[in-house]
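Analysis of the macromolecular model
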Amino acid sequence: MFSALFYLQYHSVKNRTVSRLKRLKQPKYLAGAIVGGLYFSYYFVRPFMMPGQGVQALPVARLPGDPEWVELIAAAALAVIALAAWVLPNRRTVLAFTEAEVAFLFPAPISRRGLIHYKLVRSQAAILFTVLLLTLITHRWGGRAWIQMAGWWLMLSTLNLHLLGASFARTMLLDRGISNWQRRVGVLGAVGLVLVAAVWWVRQALPPLTAPDFADLDRVKSYVSSVANSTPAIVLLFPFRLVVGPYLAGDALGFLRALPGAMGVLLAHYAWVVKSNVAFEEASAEASRKLAEKVAAIRSGNWQAAGGKAKAGRSPFHLSPAGPAPTAFFWKNLISANRGITFRTWVIIAAVVLGVAVGMGNIGGGRTLPVVAGAIAAMLAVWSVLLGTQIVRQDFRQDLDYLDVLKLFPVAPWQVAFGQLLAPAVILTGVQWLLLAVAAVLVPQTPNFPWRWPAVLSAALSLAMVLPALNFISLVIPNAAVLLFPAWLQAGKEGPQGIETTGQRLIAFLGQFLAFLVALIPAALAFGAVFFLARLAAVWWVATPLAALAATAVLAIEAAFGIYWLGWLFQRFDISSELNP
Amino acid sequence: MIQVQGLTKLYGEFRAVDDVSFTVQPGEVLGLVGPNGAGKTTSLRCLAGIIPPSGGVLRICGHDLVKDPVSAKRHLAFFPDEPRLFDYLTVWQHLTFVARIYQVVGYEPLAEQLLEELELGGRKNALPGELSRGMKQKLAIACGLLHSPKVIYFDEPLTGLDPIGIRRMKDSILQRARGGAAIVISSHLLHLVEEICSHILILQNGRKVADGTLEEIRRKFSEEQADANLEEVFFRATASPPPLPADVAKPGRGG
């Protein structure tokens, strides 16, 4: 039986790899693979080949020099994760199988233990890939690659087995009538007892920390180290220290010394998991269905649906049956965007944010906090023009799976396109205006800020004018990309994966950035021309809004052309050739 | 009401639908039958304006579907085999949205009536994810019928329905036809086609093998068996297929 499961796993991996290699015949995948490969090699592989080259290590990422502290922190982190596995979850055992695996394997004459083994083997593929990635990252800061790889593998495999074993144990406790809260109280109580015992133990040996001691970092470190090396804490952290031991070994000898302990913990976990006899099938089947839905939702950009149980969104306004069709798409997409959050909530949030900003402004006088907050708000406003479109996706990208439905409607293509872009454009504009207002209130608190209020208002008003049209242009580009190259951004369970997809996304983003810059050129020229003329007769803070108005007109014309073009793309989009739903 | 002349759909060099012509008058129910890969679903999706035809003229209520799609689409409704609903809109929001798209002024009483008829009256605020498959299909039907279409396409309309639902669906189709709608049904269920269709069109390898009233088709293929049922006629009609195009071995799309 195990051979059949191995056959399934082997051929799944093999076929997936072959199909990915085959699709490299298509230029779009080949280009993506080349760019993705270059990206990964520059950031991760280059440091292996050419030590000292590539991206410089960030100082904060360097591990502290004291091995004892590193071991302590790593062991404590593992302990926290392990503890969380016993405290946080409230569901029964969930082994995540795919829907196909549930359909084929659950009714098959395979023992529960066989399914667990299959799951463990499957999880190894993901673990090995993660090990590779983590090693590529951590090796940039030195050390021996093979030791790090083996160390990561031991840590992740043990953790994986522990999470699974803990889920089995939780299920068994639930089956025996011990509720989630009873279990949590029991586990936290036991851990609390150990910590209290450790502190008590240390207090017998060391004087307690006093308030002045907290100013002395060495004193605090010494105290924590003493707690960690007290008998109760040693007992508590001992298995976790064993697990992180091989990774932290400096050389081969140290690794071999640490290996037996870590392997012992790993094998003990393995025995624990395979000896458990817990009925997980029903919960797993349900979880597999939900997981498939979640993956599909995430890949289609619908993060709200992926976040858990979908909530019905309230209608943002009354949609009467008569009127322009784009309003219907706007209404529909606002509902999608605002599930769980009403329009009133947004208004309250905006009022609170503005109120806080005004309050901070009043305490201003060169204080750091208002200035920093204002600068952050201004940066976010600028940043959101380009990157906000990657977050707010209630447009064609969200509805890629529904294009056949949209095509049924008796609505002109440009109206569909306009309606589909309205919701993200309005949402982004609303957020940007709020950020702009916050920045306008707070940034002038900067010491020696050169502008007076009319100038600040003029700049804010000018930016506020151009932002809506900029958002439409910014949204046209990724939506056109979806309709032109749906395979690059395809939603659904079988969405694209792999290094070539990373490359495709990089190309798409660079393309979007370049197209955006090109679209800005005519508007910048219009702005410059009007500003020059207006300055002949007026001060700059009067000339700027006039120039912004001209730029807005140009941007609006560009956006209109873009929307019409998007509608044309939507009309000629052949669903059967591209998506084949 | 539905006029199709030389409908052709190509995928590369593969002819999924090849020069198919037919007409469906008001009150007629055309059964589109054929083996898997015959081009039934592709034909329906072309007729609904979802995918562009590669050739041919498609007229819906006198409007050219390719040249004037907006006018043509105002008159039609398409019900695919899998109900296609927005997972973020509730039952009532679906109807509100569709009413605006089709400009159905004063839609509320009709929407209420449809929901009651389809036993969805108590689920107005439910999301599609909270509905069973049959209920989703009912919601799709309510949305499709809200604007009183004159041309209706059904792709495997009985999939997922319980016996009561099947009976109601059949009655509903016949009722719409009696009301003057032109209806096309694509189905593998030959007994359904035989029971409710006034006309039959048999497709094979994208080509029309036969069309006409049930009697005409029966006469053509029954080999003097007056009581031959549609199943026997279907097997005879598709047993000696027309000559295959050279590229037909390529995997087919649609049904």
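Now for a quick tour of the structure.

Parameters at a glance
Residues numbered from 1 in each chain as written. Chains lettered and ligands numbered in written order. Predicted model: local features only at pLDDT ≥ 70, side-chain atom pairs only at ≥ 80, totals over all residues. Heavy atoms only, no water. Helix = DSSP H or I, 4+ residues; strand = E, 2+ residues; numbered from the N terminus. Buried < 20%, exposed > 50% of the residue type's maximum accessible area, 1.4 Å probe, protein only. Phe/Tyr/Trp six-rings, centres within 6.5 Å; stacked < 30°, edge-to-face > 60°. Lys NZ or Arg CZ within 6 Å of the ring centre and 35° of its normal. 1 Å grid on protein atoms, 1.4 Å probe; cavity = no way out; pocket = protein on both sides within 12 Å on 5 of 7 lines; lining within 4 Å. Points joined across faces, edges and corners; volume = space filled by probe spheres on them. Domains from an automatic or database assignment. Salt bridge = Lys/Arg side-chain N within 4 Å of Asp/Glu carboxyl O. Contact = heavy atoms within 4.5 Å. Axes fitted to C-alpha atoms, helices over the stretch in contact; angles between N-to-C directions. Parallel < 35°, antiparallel > 145°, perpendicular 65-115°, else oblique. Left-handed = near helix turned anticlockwise from the far one by under 90°. Nonpolar A, V, L, I, M, F, W, Y, C, P; charged D, E, K, R; others polar. Polar contact = N/O pair within 3.5 Å; in protein donor to acceptor, adjacent residues only side chain to side chain. Pairing = 2+ DSSP bridges.

**Considerations on the overall build of chain B**
Each helix and strand in chain B was counted, giving 9 helices and 10 strands. Every one of the 255 residues in chain B was classed for burial, and the buried ones make up 56%.

**Looking at the packing of aromatic side chains**
In the structure shown here, the tally under the stated rule is 17 aromatic pairs over all chains. Both rings, one in Phe-86 of chain B and one in Tyr-88 of chain B, keep their centres 5.8 Å apart while their planes meet at 40 degrees; by these two values the pair is tilted. Residues Phe-86 of chain B and Tyr-88 of chain B agree in their burial class; the two are buried. Ring-pair connections join several aromatic residues into one group, and the members of that group are Phe-329, Tyr-402 and Phe-409 of chain A together with Phe-86, Tyr-88, Phe-97 and Tyr-102 of chain B. Of note, Lys-332 of chain A hangs over the ring of Phe-86 of chain B, and the distance from its end group to the ring centre comes to 4.6 Å. One cation-aromatic arrangement involves Lys-124 of chain B over Trp-92 of chain B; the distance from NZ or CZ to the ring centre is 5.1 Å.

**What to know about empty space enclosed by the protein**
Residues and elements named next belong to chain B. Tallied over the full model, the rule gives 2 cavities of 30 Å³ or more. Taken as a whole, the largest cavity holds about 60 Å³ of empty space. Lining of the largest cavity is provided by Phe-79, Pro-80, Pro-83, Gln-137, Ala-140, Ile-141, Phe-154, Asp-155, Glu-156, Pro-157 and Met-169. Secondary-structure elements contributing two or more residues to the lining of the largest cavity are α5 (133–145) and β7 (151–155). Residue contributions to the lining of the largest cavity peak at 3 residues, all from α5. Two domains each donate at least three residues to the lining of the largest cavity, and these are domain 1 (1–75 + 151–255) and domain 2 (84–148).

**Observations concerning the pattern of salt bridges**
A full pass over the atoms with the stated rule returns 17 salt bridges over all chains. Measuring nitrogen to oxygen at the nearest pair gives 3.7 Å for the salt bridge that ties Glu-71 of chain A to Arg-241 of chain A. Of the two residues, Glu-71 of chain A sits in helix α3 (residues 67–87) while Arg-241 of chain A sits in helix α9 (residues 231–248), which places them 170 residues apart along the sequence. We classify Glu-71 of chain A as partly exposed; its relative accessible area is 24%. When the shortest N-O distance is used, the salt bridge between Lys-208 of chain B and Asp-211 of chain B registers 3.6 Å. Each of Arg-167, Lys-170, Asp-171 and Glu-195 of chain B takes part in a single network of salt bridges with overlapping partners.

**Let's talk about the environment of Phe-234 of chain B**
Residue and element names in this part refer to chain B. With respect to the helices, strands and loops of the structure, Phe-234 is situated in helix α9 (residues 230–239). Taking the relative accessible area as the measure of exposure, Phe-234 reaches 9% and is therefore buried. Those residues within four positions of Phe-234 in sequence are excluded, and the remaining contacts are Val-33, Gly-34, Pro-35 and Leu-190.

**Examining the packing of helix α17 (residues 413–442) of chain A against helix α21 (residues 540–572) of chain A**
All names here are of chain A. One can describe the packing of α17 onto α21 by two numbers: an axis separation of 7 Å at closest approach and a directional angle of 115 degrees. As the angle between them shows, α17 and α21 are arranged roughly perpendicular. Pair α17 / α21 crosses with right-handed handedness. Taking contact as the criterion, the partners of Pro-413, Trp-414, Val-416, Ala-417, Phe-418 and Leu-421 in α17 are, on α21, Ile-563, Tyr-564, Leu-566, Gly-567, Phe-570 and Gln-571. Along the lines of polarity and charge, the residues of the contact of α17 with α21 split into 10 nonpolar, 2 polar and no charged.

**Quick notes on the side chain of Thr-138 of chain A**
All names here are of chain A. Summarising the element assignment, Thr-138 is placed in helix α5 (residues 112–138). One polar contact links Thr-138 to Gln-148, side chain to side chain, over a distance of 3.3 Å. Here Trp-152 takes part through its side chain, which lies 3.3 Å from a polar atom of the side chain of Thr-138. If near-sequence neighbours (up to four positions away) are discounted, Thr-138 is found in contact with Gln-148, Trp-152 and Tyr-247.

**Remarks on the packing of α17 of chain A against helix α18 (residues 453–484) of chain A**
Residues and elements named next belong to chain A. Where α17 meets α18, the axes come as close as 9 Å, and the angle between the chain directions of the two elements is 155 degrees. If you check the angle between α17 and α18, you find them roughly antiparallel. Considering the relative orientation of α17 and α18, their crossing is right-handed. Along its contact with α17, which presents Phe-418, Leu-421, Leu-422, Pro-424, Ala-425, Leu-428, Thr-429, Gln-432, Trp-433, Leu-436, Ala-440 and Val-441, the element α18 presents Trp-453, Val-456, Ala-460, Leu-463, Ala-464, Leu-467, Pro-468, Asn-471, Phe-472, Leu-475, Val-476 and Asn-479.

**Concerning the pairing of strand β4 (residues 55–60) of chain B**
Residues and elements named next belong to chain B. As judged from the 5 bridges shared by strand β1 (residues 2–11) and β4, these two strands associate in the antiparallel manner. Residue pairing in the sheet places Ile-2 in a bridge with Ile-60 of β4. Pairing of β4 with strand β5 (residues 63–64) involves 2 bridges; the strand directions are antiparallel. If you follow Arg-59 over to β5, its bridge partner there is Asp-64.

**Thoughts on the sheet that holds strand β6 (residues 76–79) of chain B**
Residue and element names in this part refer to chain B. Judged by pairing direction, the sheet is mixed, and its 6 strands sit side by side in the order β6-β7-β8-β3-β9-β10 without closing on themselves. Either end of the sheet is taken by a strand with one partner, and the two such strands are β6 and β10 (207–213). Each strand of the sheet is rotated relative to its neighbour by a mean of 15 degrees, with strand direction disregarded. Alignment of β7 against strand β8 (residues 182–186), held across 5 bridges, turns out to be parallel. In the strand pairing of β8, Asp-155 is matched with Ser-186. Across the face of the sheet, helix α8 (residues 214–221) comes into contact with β9 (199–204) and β10 while running at roughly 120 degrees to β10. With respect to the sheet, α9 is in contact with β3 (29–33), β9 and β10, its orientation differing from that of β9 by roughly 35 degrees.

**Describing the interface of chain B and chain A**
Contacts between the two partners involve 37 residues from chain B and, on the opposite side, 44 residues from chain A. Between chain B and chain A we count 2 salt bridges in total. Connecting chain B to chain A are 14 residue pairs in polar contact (both at pLDDT 80 or more). If one sorts the elements of the side of chain B that touches chain A by residue count, helix α3 (residues 91–101) of chain B sits on top with 6 residues. Per-class residue counts for the side of chain B that touches chain A are 21 nonpolar, 7 polar and 9 charged.

These figures capture arrangement, not role.
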